[in-house]
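Chain residues, written in single-letter form:
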Amino acid sequence: PGGVTTDVFIGDGVSFEPQFNGNVISFRWDFGDGTQSTEMNPTHAYRQQGTYWVHLELLDGNGCTAEFTREITVLPFEVRMPDAFTPDAPDGSNSHYFPVFTKVDGLEFWVFTKWGEVIFYTRDTLSQGWDGNYQGNPAPAGSYVYRVNYTAPNGGTETQSGSFLLIR
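Quantities reported herein were computed from a predicted structural model and do not represent experimental measurements.

Rules of the game
Per chain, residues are indexed from 1 in the order of the written sequence. Confidence filtering applies because this is a predicted model: local features only for residues at pLDDT of at least 70, side-chain atom pairs given and counted only at 80 or more, and all residues used for totals across whole chains, interfaces and linings. Each side-chain value is derived from all of the structure's non-hydrogen atoms; neither hydrogens nor water enter the calculation. Each helix is a run of H or I in the DSSP string that is no shorter than four residues. Each strand is a run of E no shorter than two, and both are numbered from the N terminus. Each residue is assigned to one of three classes by its accessible area relative to the maximum for its type, calculated with a 1.4 Å probe on protein chains only: buried under 20%, partly exposed between the two thresholds, exposed over 50%. Only heavy atoms matter for contacts: two residues are in contact if any of them lie within 4.5 Å across the pair. Pairing between strands requires that DSSP locate at least two bridges from one strand to the other. Buried Ala, Val, Leu, Ile, Met, Phe, Trp, Tyr and Cys residues that are joined via side-chain atoms within 4.5 Å together make up what is termed a nonpolar core. By definition, a salt bridge exists where a carboxyl oxygen of Asp or Glu is found within 4 Å of a side-chain nitrogen of Lys or Arg. Between the rings of Phe, Tyr and Trp (Trp by its six-membered ring), a pair exists once the centres lie within 6.5 Å; its type follows the angle of the planes, with under 30 degrees stacked, over 60 edge-to-face, and the other angles tilted. Charges are assigned to positions over rings by a cutoff of 6 Å between ring centre and Lys NZ or Arg CZ, combined with an angular limit of 35 degrees from the ring normal.

Structural notes on the environment of Ala45
Mapped onto the elements of the fold, Ala45 is located in strand S5 (residues 43-45). The exposure class assigned to Ala45 is partly exposed, which follows from its relative accessible area of 24%. Setting aside anything within four residues of it in sequence, one finds Ala45 in contact with Gly11, Asp12 and Gly13.

Pasting the structure below:
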């Protein structure tokens, strides 16, 4: 531990490795979330979003102690949906519609017409997403509806839905 801030995500295993000199005989880690360890190099996974102060107390063979503190910021998993996309953009940017996500273990993604007809579906987290075509033809510009079901790192399933614009 030192004075550096480190960002991790909920459910990530964080490895703690103390930097020390001398004959250290005991370690006492307090992870700031009510859990502790006496291992030299523990791994800990945070279950809640927030900022935690990790505290380490070292004891050497001469009875001397040293203490170190480090701030850990635990971020939530995240799924964001773009407001619009432009499949015909000359430079090819923003040409597919797909969720932007961090730390999601799995997903299902649908695009619907405003009348509820499914025009795109995938379970592939590596998919490029919807290319703006339907039945081999360019879909008309306008408003469409999405739904995404995703599995969070904590095992929970979430659903998000809304509308977006196809711009031509």
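Read on, since the account is not over.
Some words on the pairing of strand S3 (residues 24-30)
Relative to strand S6 (residues 50-60), S3 is paired through six bridges, and the arrangement is antiparallel. Pairing of Asp30 across the sheet is with His55, part of S6. The pairing of S3 with strand S4 (residues 36-37) spans two bridges and is classified as antiparallel. Within the sheet, the bridge partner assigned to Trp29 lies in S4 and is Ser37. In sequence, S3 turns back onto S4 through a hairpin of five residues, with Gly32 there showing a positive phi of about 85 degrees.

A closer look at the nonpolar core
Tyr97, Phe109, Val111, Trp130, Tyr144, Val148 and Phe164 are the most contacted members of the largest nonpolar core, which has 21 residues in total. When contributions to this core are tallied by element, the ones reaching two or more residues are strand S11 (106-112), strand S12 (118-122), strand S15 (142-151) and strand S16 (157-166). Residue contributions to this core peak at four residues, all from S15. Beyond its immediate stretch of four places on either side in the chain, Val148 contacts Val79, Met81, Pro99, Leu107, Glu108, Phe109, Glu158, Thr159 and Gln160. Listed in part, the 15 residues of the second largest apolar core include Phe27, Phe31, Tyr46 and Val74.

Points about the pattern of salt bridges
Side chains carrying opposite charge are able to pair once their charged atoms draw close together. Evaluation of the coordinates by the stated rule reveals two salt bridges. Its salt-bridge partner being Arg28, residue Glu57 comes within 2.9 Å of it at the nearest N-O pair. Here the residue Glu57 occupies a position in strand S6, and Arg28 occupies one in strand S3, the gap between them amounting to 29 residues. The partly exposed category is assigned to Glu57, whose relative accessible area is 30%. Since its relative accessible area comes to 34%, Arg28 is described here as partly exposed.

Things to note about the pairing of S11
Across the seven residues of S11, six count as buried, placing the element largely inside the fold. Bridge count between S11 and S15: seven bridges; the pairing is antiparallel. Bridge pairing links Phe112 to Val145 in S15. Sheet topology places S11 next to S12; four bridges connect them, and they run antiparallel. Its bridge partner lying in S12, Phe112 is registered against Val118. Count of turn residues in the S11/S12 antiparallel hairpin: five residues, of which Gly116 carries a positive phi of about 90 degrees.

Topic: the sheet that holds S16
The five strands are arranged S9-S16-S15-S11-S12 in an open sheet whose pairing can be described as mixed. In the strand order of this sheet, the two ends are held by strand S9 (84-85) and S12, each with one partner.

Remarks on the packing of aromatic side chains
Within a pair of aromatic rings, the relevant descriptors are the distance that separates the centres and the angle that separates the planes. Summed over the entire model, instances satisfying the criterion amount to 17 aromatic pairs. Note on Phe16 and Trp29: the rings are 5.3 Å apart at their centroids and 50 degrees apart in plane angle, and the pair reads as tilted. Placement of Phe16 in the loop between strand S2 (13-15) and S3 and of Trp29 in strand S3 is noted, with a sequence separation of 13 residues between them. By relative accessible area, Trp29 is classed as buried at 0%. Seen from their ring centres, Trp110 and Tyr121 are 5.2 Å apart, and the 45 degrees between their planes marks the pair as tilted. You can see Trp110 sitting in strand S11 and its partner Tyr121 sitting in strand S12, a full 11 residues away along the chain. Since its relative accessible area comes to 13%, Trp110 is described here as buried. Through a chain of ring-to-ring contacts, the aromatic side chains of Phe85, Tyr97, Phe98, Phe101, Phe109, Phe120, Trp130, Tyr144, Tyr146 and Phe164 assemble into a single cluster. The ring of Trp110 is capped by Arg147, whose NZ or CZ atom sits 4.1 Å from the centre of that ring.

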